[in-house]
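What follows is each chain in one-letter form.
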Amino acid sequence: GELRQLQVRVDLDRMRGRGVTLDEIEAATAGASASSSAGISPDGAIEWAVEIDGRRPEPYVIRTTVWLLKDDAGRAMQDAEKAVALAPRLSAAWLARAAANLESKDPDGAVADATRAIELDPTSAIGFHVRGLAHRDRKDLAKAAADFRKALEVAPSDWPQRGEAERMLKEA
């Protein structure tokens, strides 16, 4: 058969601003193959083509990130909800919904979803980081500091968000 492609082009500055890493994009794309045709939507610094057939959660996770980068929290939440419904044991789906909750100014929802992601993957540095951001938004600086500290503890030394997590820890 034909070789299928999944192409995601992102704006690195906007990704950093939202706490999204290239490793997370790569992890979310693992196994993301579908049988329907894809569309390409060039939009400034973002050009994306994501096949979605409604059976796999990974394309919804990826598209959640794209919607967040395009400042469309409503569509991001729709896709994150679909990812969670399709794969309630996939940490990345819960993290996508946590990020959509943060963007939607719902830190309580973000804490709940990031907590679920951490339960599924206790080594998820980004899970602790996102939950720390949500605690910060809730003005619970002690919990935010604890989560940023834990993110730094479980993260690899070359984790792209390390600098931001260290800065957030100092501010908490």
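This is a predicted model, so every value here is computed, not measured.

What counts and what doesn't
Residues numbered from 1 in each chain as written. Predicted model: local features only at pLDDT ≥ 70, side-chain atom pairs only at ≥ 80, totals over all residues. Heavy atoms only, no water. Helix = DSSP H or I, 4+ residues; strand = E, 2+ residues; numbered from the N terminus. Contact = heavy atoms within 4.5 Å. 1 Å grid on protein atoms, 1.4 Å probe; cavity = no way out; pocket = protein on both sides within 12 Å on 5 of 7 lines; lining within 4 Å. Points joined across faces, edges and corners; volume = space filled by probe spheres on them. Nonpolar A, V, L, I, M, F, W, Y, C, P; charged D, E, K, R; others polar.

*Asks:* For this particular structure, what's the right way to read the environment of glycine 127?
*Replies:* Assignment of secondary structure puts glycine 127 in helix α7 (residues 125–137). Taking the C-alpha atoms as reference points, glycine 127 and leucine 95, separated by 32 residues in sequence, lie 6.5 Å from one another. For glycine 127, the residues in contact, after removing those within four places along its chain, are Leu95, Ala114 and Ile118.

*Asks:* Help me out: how do you make sense of the layout of surface pockets in this one?
*Replies:* Over the atoms, a rolling probe the size of a water molecule traces out where space has been left empty. Size it by volume and the second largest pocket reaches roughly 320 Å³. Lining the second largest pocket are 14 residues, with Arg18, Leu102, Glu103, Leu133 and Asp137 sitting closest to its centre. Those elements that place two or more of their residues in the lining of the second largest pocket are α5 (91–103) and α7. Broken down by element, the lining of the second largest pocket gets its largest block of residues, four residues, from α7. Residue composition of the lining of the second largest pocket, grouped by class: seven nonpolar, one polar and six charged.

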